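The chain contents come next:
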Amino acid sequence: MRDRRMLTVFALMLASFLTAVDVTIVDTAMPRIVGALGGFALLTWLVSAYMLTSTATMPVYGKLADLIGRKKTFTIGAVIFVTGSALCGAARSMEALILFRALQGLGAGAMQPTVQTILGDIFSPAERAKVQGWFSAVWGFSALAGPLVGGLMVDYLSWRYLFYINLPLGALALFMVWRCFDERVARRKARVDYLGAVTLTGGMALLLLVLLTGGSQLPWGSPQIIGMSTGAAVLLLLFLWTQGRALDPILPLRLFRIPIIGWGNLSSLMVGGVMYGTSVYLPIWAQGVQGYSATRSGASLLWLSIGWPVAAVLGSRLIVRLGVRPSALLGLGLNLAGSAGLVALARTMAEIPEVLLALVTFVIGAGMGFSTLAFILGIQSSVDWAQRGVATASFQFIRTLGGMIWVSAMGGVMNVHLLGRLQQIPGVDARTTAEAGQWANRLLDPAGRAALGPELLGAMQDALAAALRNVHLMMLLAALLSLAAALLIPNLRFAPERPQESPAD
């Protein structure tokens, strides 16, 4: 029995690696893809399309896992993911590749929460704490390996193999799950909440489109942004109305009355701003303000992926001994300390030494490792088998959504302050935030930097640094709010009992 469980864990780790690495594996291949397919203006959608569909569909798949079982839901996701990968590899245009990346994301949206739910089914909370540490290491490794593996494949094979490699590995993970994971689904009458599924998925897709394109590809006041924002608001309000009346809702609102789920998800909505703010805006500081190369600035962010799994392994022991709350508060306290450190360094030093940038990201990564593990274990242990899937998916969905909301707000604040500072520089003609962004792009491009004179370069670096300091303050605010929300969660302590592998037990 133990061997079958460990083989199941291996299959789930492989599935987690595939869905996580596909977020970053195309980064280093983008120039080759553009060279082969064209469509430079659509480049950012290679990542955005994947994130949009995978995030928007997580709650629906979480509910599906509770209705039809984890194995069937995982199978649906794996088949869609592998099919999307095959089509991506065969794409003949950028538009087709983006469409197939969105299909990939639909599969990943099922696989990611279902993997975590299966772990909650087959392990007791005390055992789960240790196993979750391994999975945190997988996510950290995928962030490190994605660009490296992508670069090697592009250099020695073809960018198409970035997607073809998912076919045998995805099929292996699916085969092992069916062979080794024994599941007996609770038979119960369930009415599918079709209206809830449609309104939630449609509303979230529109909201994510607004967050992904607003202020960057489309002006905030453009008819497209206003139309999508209105549509998102209408659909999401309709979704909330349906959830109070549906007999078997997609996302039961009563779940959020459970203290650890309600306050834990609110804290995760805030902590997403720290996680995504660090990964998005710290490289802009390193490259634009300090003049680092992309590789050199990326080296500092690697410590985020190192601190996370290290803390998750240590946090598993802390949770077993002391419970969920101490680990969560420790992690969120580290996030606050790392964010405060970044604010202090950026305001007192013209150039932050690399070792201090690495230290800040390591501390924030460790904070994410402690807190994420605590929230997942606490949320899963607060519900029974029939609600574990949707509860797990809600946590992953809300953290990602919070990150995108915060990053969008940070971008708006940065652009407004950058515009004001650039307008004070002689020789810089910037009348809108879009034009200010075009000037800032020169600081991120080595050729563009070289074309600027020393005096203009220094003035623009100062302007960008001043704008980013406001972003750092918003990260600090997000960290503070997440810690405040977590103060209200109860402490759950776990006895080393055996788990119930299915409701039939």
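Residues numbered from 1 in each chain as written. Predicted model: local features only at pLDDT ≥ 70, side-chain atom pairs only at ≥ 80, totals over all residues. Heavy atoms only, no water.

Further remarks concern the overall build of the protein. Within the protein one finds 19 helices and zero strands. Here the C-alpha atoms of the protein give a radius of gyration of 23 Å, agreeing with the 23 Å that 2.2 N^0.38 yields for 505 residues. Principal-axis analysis of the C-alpha atoms gives the protein an extent of 75 × 50 × 45 Å. Taken over 505 residues, the protein has a buried fraction of 56%. (Helix = DSSP H or I, 4+ residues; strand = E, 2+ residues; numbered from the N terminus. Rg over C-alpha atoms; globule rule 2.2 N^0.38 Å. Buried < 20%, exposed > 50% of the residue type's maximum accessible area, 1.4 Å probe, protein only.)

Moving on, we get to the nonpolar core. Residues Leu97, Trp159, Leu422 and Leu468 are the most contacted members of the largest nonpolar core, which totals 111 residues. When near neighbours in sequence (up to four residues on either side) are disregarded, Leu422 contacts Val428, Ala436, Trp439, Met460 and Ala463. One finds Leu12, Leu14, Phe17 and Ile122 within the second-largest nonpolar core, a separate group that totals 27 residues. (Core = buried A, V, L, I, M, F, W, Y, C linked by side-chain atoms within 4.5 Å. Contact = heavy atoms within 4.5 Å.)

If you walk through the whole model with that rule in mind, you get four aromatic pairs. Between Tyr161 and Tyr164, the aromatic rings sit 5.9 Å apart at their centres with planes inclined by 85°, giving edge-to-face as the arrangement. A residue pair is termed a helical-turn pair when its members lie 3 or 4 positions apart in one helix, as Tyr161 and Tyr164 do in helix 8 (residues 161–164) at three residues. Ring plane angle 50° and centroid distance 6.2 Å describe the contact between Phe375 and Phe395, whose orientation is recorded as tilted. With a gap of 20 residues between them, Phe375 in helix 15 (residues 354–381) and Phe395 in helix 16 (residues 385–422) connect regions that are remote in the sequence. (Phe/Tyr/Trp six-rings, centres within 6.5 Å; stacked < 30°, edge-to-face > 60°.)

What follows deals with empty space enclosed by the protein. As enumerated under the stated definition, the model contains two cavities of 30 Å³ or more in all. For the second largest cavity, the calculated volume is near 30 Å³. Lining the second largest cavity, in full, are Ser16, Thr19, Gln112, Val115, Gln116, Trp139 and Gln396. For the lining of the second largest cavity, the elements supplying multiple residues, two or more each, are helix 1 (2–24) and helix 6 (94–122). Ranked by residues supplied to the lining of the second largest cavity, first place goes to helix 6 with three residues. (1 Å grid on protein atoms, 1.4 Å probe; cavity = no way out; pocket = protein on both sides within 12 Å on 5 of 7 lines; lining within 4 Å. Points joined across faces, edges and corners; volume = space filled by probe spheres on them.)

A few words now on the environment of Thr55. Among the structural elements, Thr55 can be located in helix 3 (residues 45–56). Residues Thr55 and Ala129, spaced 74 residues apart in sequence, show a C-alpha to C-alpha distance of 25 Å.

Taken as a whole, the second largest pocket spans an internal volume of roughly 350 Å³. As for the second largest pocket, its lining consists of 16 residues, and the residues nearest its centre are Leu251, Phe256, Phe397, Ile398 and Leu401. Mapped onto the lining of the second largest pocket, the elements with two or more residues apiece are helix 10 (194–213), helix 11 (223–243), helix 12 (259–289) and helix 16.

Let us look at helix 9 (residues 166–180). Helical geometry note: an α-helix holds 3.6 residues per turn, so side chains three or four residues apart project in the same direction. With 15 residues, helix 9 should reach 21 Å at 1.5 Å per residue; the first-to-last C-alpha distance of 21 Å fits that figure. Considered for burial, the residues of helix 9 that qualify are Asn166, Gly170, Ala173, Leu174, Met176, Val177 and Cys180. For helix 9, the angular spread of buried residues about the axis comes to 165°, placing them on one side. Turned more than 90 degrees off the buried face of helix 9, the exposed positions are Phe175 and Arg179. (Expected span 1.5 Å × (residues − 1). Arc of directions from axis to C-beta.)

Let us look at the confidence of the model for the protein. Per-chain confidence: the protein averages 82 in pLDDT, with 91% of residues scoring 70 or above. The model gives residues 497–505 a pLDDT under 50, and that stretch makes 25 contacts with residues more than four places away or in other chains. (pLDDT = per-residue confidence, 0-100.)

Here the focus is the environment of Leu483. If you trace the backbone, Leu483 turns up in helix 19 (residues 454–486). The exposure class of Leu483 is buried, given its relative accessible area of 18%. Once the C-alpha coordinates of Leu483 and Ser124 are considered, the two residues, 359 residues apart in sequence, prove to be 27 Å apart. If we skip the residues at most four places from it in the chain, Leu483 touches Leu329, Leu332, Gly333 and Leu336.

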